[in-house]
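Results of the structural survey
As a plain string of letters, each chain reads:
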Amino acid sequence: MTDRVIFLGGLGRSGTTLLERLLGELPGVVPLGEVVHLWARGVVAGELCGCGEAFPQCPFWREVGERAFGGWSRELAERVLRLRHRVDRTRRIPAVGHPDLAEYVAAYRSVYAAALQVAGGAAVVDSSKHASLAFCLAAGGVQPHVVHVVRDPRAVAHSWRRTVPRPEDGSHMTRWGAMRTSLHWSAQNLALDLLAARGVEVTRVRYEDLLADPHATLTGLAERLGLDTSLGFLDGTTVSLGRAHTVSGNPMRFAVGQVELSHDDAWRGGLPAVQRAVVSGLTAPLMTRYGYRGAAA
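What counts, and at which threshold
Residues numbered from 1 in each chain as written. Predicted model: local features only at pLDDT ≥ 70, side-chain atom pairs only at ≥ 80, totals over all residues. Heavy atoms only, no water. Pairing = 2+ DSSP bridges. Helix = DSSP H or I, 4+ residues; strand = E, 2+ residues; numbered from the N terminus. Core = buried A, V, L, I, M, F, W, Y, C linked by side-chain atoms within 4.5 Å. Buried < 20%, exposed > 50% of the residue type's maximum accessible area, 1.4 Å probe, protein only. Contact = heavy atoms within 4.5 Å. Salt bridge = Lys/Arg side-chain N within 4 Å of Asp/Glu carboxyl O. Axes fitted to C-alpha atoms, helices over the stretch in contact; angles between N-to-C directions. Parallel < 35°, antiparallel > 145°, perpendicular 65-115°, else oblique.

**Some remarks on the sheet that holds strand β6 (residues 234–235)**
Read from one edge to the other, the open sheet built from three strands follows the order β6-β7-β8, with strand pairing classed as antiparallel. Pairing within the sheet leaves two strands with one partner each, and these edge strands are β6 and β8 (257–260). Note that strand β7 (residues 238–241) and β8 share four bridges and pair antiparallel. Along β8, the bridge assignment pairs Val239 with Val259.

Put into structure tokens, the structure is as follows:
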């Protein structure tokens, strides 16, 4: 597969959806959302595409399905979900080898290739986030360029505490406590660091840097990814977003028009001191590695 696959990795609530939307405005870039959830939430449940149409009715995804598999089917989705349960597991990192790996990765390769054909693009963005999937793709020959998105774990913990309605059906998105968030934050980021150590091309981006200087951060990232650096959609900290055909993700994937990029420090007043101390203590080594100040910050 010669076309480029950009995989956004990191723990949820770290800014991957926002970064995908921004990358998706670059010429030739095709944002797909969280492809890992396409099978259950798109094909089986028929949830909304980022364009506002239900997945089965979205013209883009209908054509992708036709080109990739001769059409979407529940049987196909359930087969991929069974493969995921066997193959795509965090506990298998770094030895992701499995007899079903090739078939599992082939499904993603087919989606990526078909999406590029339909959109006429040069690179797809998969914001699935999970390090285990990135390992699977790399082991299966996809050779993704992984963008490792990092956010201060205290801000991430604060976000996971909030009640956020899912725009698809109004139900509440999953909530986690400070300890669980800390453990998952450390596990995902350590796994992505390990991926880089194994020779996969990985570029790290801090969410805070993106918001502090979006132009410089996006330009540098686009250059590293070999993408067009035209940022006509960005004016200072205001970005103009078009519609995108993204499956799954936070409500940001539905944003259209002018969006103001602003730094969110709500965790400083919103995350209880005890929980802040828990997060800082459990994530201290990686916080230092990624340039975040300690509990007194």
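**Description of the nonpolar core**
Residues Leu32, Leu38, Trp39, Trp61, Tyr104, Tyr108 and Tyr112 are the most contacted members of the largest nonpolar core, which totals 49 residues. When contributions to this core are tallied by element, the ones reaching two or more residues are β1 (4–9), α2 (38–44), α3 (59–69), α4 (74–87), α5 (101–119), α6 (131–139) and α8 (178–197). Here this core takes 10 residues from α5, the largest share from any one element. Those residues in contact with Leu32, other than ones at most four positions away along the chain, are Glu20, Phe60, Trp61, Val111, Tyr112, Ala115, Val124, Val125, His245, Thr246 and Val247. Formed by 30 residues, the second largest nonpolar core is a distinct cluster that contains Leu8, Leu18, Val239 and Leu241.

**Brief notes about the pattern of salt bridges**
Taken as a whole, this structure holds 11 salt bridges when the rule is applied. With a shortest N-O distance of 2.6 Å, Arg154 and Asp152 are connected by a salt bridge. By the burial criterion, Arg154 is buried, and Asp152 matches it. Where Arg268 meets Asp265, a salt bridge forms, and the shortest distance between an N and an O atom there is 3.8 Å. The class for Arg268 is partly exposed, based on a relative accessible area of 38%. By relative accessible area, which is 35% here, Asp265 ends up partly exposed. The network of salt bridges with common partners includes Asp193, Arg204 and Arg289.

**As for the environment of Leu8**
Counting through the fold element by element, Leu8 comes out in strand β1. A relative accessible area of 0% means that Leu8 is categorised as buried. For the pair Leu8 and Leu32, spaced 24 residues apart in sequence, the C-alpha separation works out to 11 Å. Leaving out residues up to four positions away in the same chain, Leu8 has contacts with Thr16, Leu19, Glu20, Leu23, Val125, Asp126, Ser127, Ser128, Lys129 and Val147.

**Digging into the packing of α5 against α6**
In contact at an axis separation of 9 Å, α5 and α6 are set at 95 degrees when each is read in the N-to-C sense. Between α5 and α6, the crossing angle belongs to the class labelled roughly perpendicular. Residues Leu101, Tyr104, Val105, Tyr108 and Tyr112 of α5 lie in contact with α6, whose contacting residues are Leu133, Cys136, Leu137 and Ala139.

**Here's the deal with the pairing of β1**
Along a regular strand, successive side chains alternate from one face of the sheet to the other. When you tally the buried positions in β1, you get five out of six residues, the bulk of the element. In terms of strand pairing, β1 meets strand β4 (residues 145–150) through four bridges, oriented parallel. Bridge pairing in β4 places Gly9 opposite His148.

**Things to note about the sheet that holds β1**
Spatially, β2-β3-β1-β4-β5 is the arrangement adopted by the five strands of the open sheet, whose pairing is parallel. Where the open sheet ends on each side, the last strands, each with one partner, are β2 (29–31) and β5 (202–206). Taken pair by pair, the neighbouring strands of this sheet meet at an average axis angle of 25 degrees, ignoring direction. Here β4 pairs with β5 via five bridges, running parallel. Note on β5: the bridge partner recorded for Val149 is Val205. Set on the sheet, α5 makes contact with β1, β2 and β3 (123–129); between it and β3 the angle comes to about 135 degrees. Where helix α10 (residues 214–225) meets the sheet, its contacts fall on β1, β4 and β5, and the angle it forms with β5 comes to roughly 175 degrees.

**Some thoughts on the environment of Gly97**
With respect to the helices and strands, the residue Gly97 is situated in the loop between α4 and α5. For Gly97 and Ala284, which are 187 residues apart along the polypeptide, the C-alpha to C-alpha distance reads 32 Å.

**A word on the side chain of Asp100**
Position of Asp100 among the secondary structure elements: in the loop between α4 and α5. Excluding anything up to four places from it in sequence, Asp100 contacts Leu83, Arg86 and Val87.

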